[in-house]
Amino acid sequence: MAHSVELLLDADTDRTIRDRWDALTDVGIRSQAAHRGPSNRPHVTVAVAAAISAAVDAELTAVAATMLPLPCRIGAPVVFGHEPFVLARLVVPSAELLELQARIHRICLPHMTTGPFPHACPGSWTPHVTLARRLHAAQLERALPLAGDDLDATFVRLRRWDGDTKTEYALS
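Residues numbered from 1 in each chain as written. Predicted model: local features only at pLDDT ≥ 70, side-chain atom pairs only at ≥ 80, totals over all residues. Heavy atoms only, no water.

- With an unreviewed UniProt entry as reference, the protein chain is termed 2'-5' RNA ligase, source organism Mycolicibacterium cosmeticum.

Set out below in structure tokens:
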């Protein structure tokens, strides 16, 4: 399983995104709400690899202390992939957000045993909050209007996710 470092959103934005998950579920689209684990929450993945060592935690905690909270804008819906699709909301990539992501990437590199997944490297990363996975083309017409409006939000916390043990580690 993958390991990742993720930005978490303020409580109001978290609730708004969860409301979008519920709205999709209400029309028969399997959203992120279907994942019932206590660690399932709206987030933006900033680094991901097959493994990220816990030895990175102290340095990431220091970065979080100096760079968070960080205002952000959650913008338009975006669709990734080929059928089945992923429906998400784009996070507008401000200079500060791109700087934070690049810094986290540099810090994590020595702690990634097999290197980063290419889509999360600076220059290839698309910041987003996932709403639903495995959508078919016929579902997009119903799903897109339920993705919600643009939001002013704030990243307030950083966490490391260990996909092997399904454990989250708060870094701020």
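Some remarks on the side chain of Q101
Part 1 of the reasoning: Relative to the elements of secondary structure, Q101 occurs in helix α3 (residues 95–108).
Part 2 of the reasoning: Among the residues examined, Q101 registers a relative accessible area of 2% and is labelled buried.
Part 3 of the reasoning: At 2.7 Å, the side chain of Q101 forms a polar contact with the backbone oxygen of A120.
Part 4 of the reasoning: Apart from residues lying up to four places away in sequence, Q101 is in contact with V46, A120, C121, P122 and W125. (Helix = DSSP H or I, 4+ residues; strand = E, 2+ residues; numbered from the N terminus. Buried < 20%, exposed > 50% of the residue type's maximum accessible area, 1.4 Å probe, protein only. Polar contact = N/O pair within 3.5 Å; in protein donor to acceptor, adjacent residues only side chain to side chain. Contact = heavy atoms within 4.5 Å.)

Section: the nonpolar core
Part 1 of the reasoning: Core analysis: the largest hydrophobic core is formed by 44 residues, its most contacted members being V5, L7, L60, I104, F155 and L158.
Part 2 of the reasoning: Among the elements that line this core, the one with the most residues is α3, at five residues.
Part 3 of the reasoning: Residues within four places of F155 in sequence aside, it is in contact with L7, L8, L9, V44, L68, P69, L70, C72, V91 and L97. (Core = buried A, V, L, I, M, F, W, Y, C linked by side-chain atoms within 4.5 Å.)

Considering the side chain of H3
Part 1 of the reasoning: Relative to the helices and strands, H3 resides in strand β1 (residues 3–9).
Part 2 of the reasoning: Among the polar contacts made by the side chain of H3, one reaches the main-chain amide nitrogen of I52 at a distance of 3.2 Å.
Part 3 of the reasoning: At 2.8 Å, the side chain of H3 forms a polar contact with the side chain of D164.
Part 4 of the reasoning: Leave out the neighbours within four places in its chain, and H3 touches A47, V48, A49, A50, A51, I52, W161, D162, G163 and D164.

Looking at helix α1 (residues 11–26)
Part 1 of the reasoning: Compared with the 22 Å implied by 1.5 Å per residue over 16 residues, the 22 Å span of α1 between its first and last C-alpha is a close match.
Part 2 of the reasoning: Where α1 is concerned, the buried positions are T13, D14, I17, W21, A23 and L24.
Part 3 of the reasoning: Looking at the buried positions of α1, the neighbouring elements they touch are β1, β3 (70–80), β4 (85–91), β5 (128–135), α4 (137–143) and β6 (151–162).
Part 4 of the reasoning: Phi turns positive one or two residues past the end of α1, at G28, with a value near 85°. (Expected span 1.5 Å × (residues − 1).)

A word on the environment of P77
Part 1 of the reasoning: Structurally, P77 can be placed in strand β3.
Part 2 of the reasoning: Using a relative accessible area of 37% as the deciding quantity, one classes P77 as partly exposed.
Part 3 of the reasoning: Spatially, the C-alpha atoms of P77 and V91 are 9.4 Å apart, while their sequence positions differ by 14 residues.
Part 4 of the reasoning: Those residues in contact with P77 that lie beyond four places of it in its chain are L87, A88, R89, L144 and A147.

Side note on the pattern of salt bridges
Part 1 of the reasoning: Counted by the stated rule, this structure contains 10 salt bridges.
Part 2 of the reasoning: Between R73 and D152 there is a salt bridge, with its nearest N and O atoms 2.9 Å apart. Here the residue R73 occupies a position in strand β3, and D152 occupies one in strand β6, the gap between them amounting to 79 residues.
Part 3 of the reasoning: Its relative accessible area of 32% is what places R73 among the partly exposed residues.
Part 4 of the reasoning: For D152, a relative accessible area of 63% translates into the label exposed. (Salt bridge = Lys/Arg side-chain N within 4 Å of Asp/Glu carboxyl O.)

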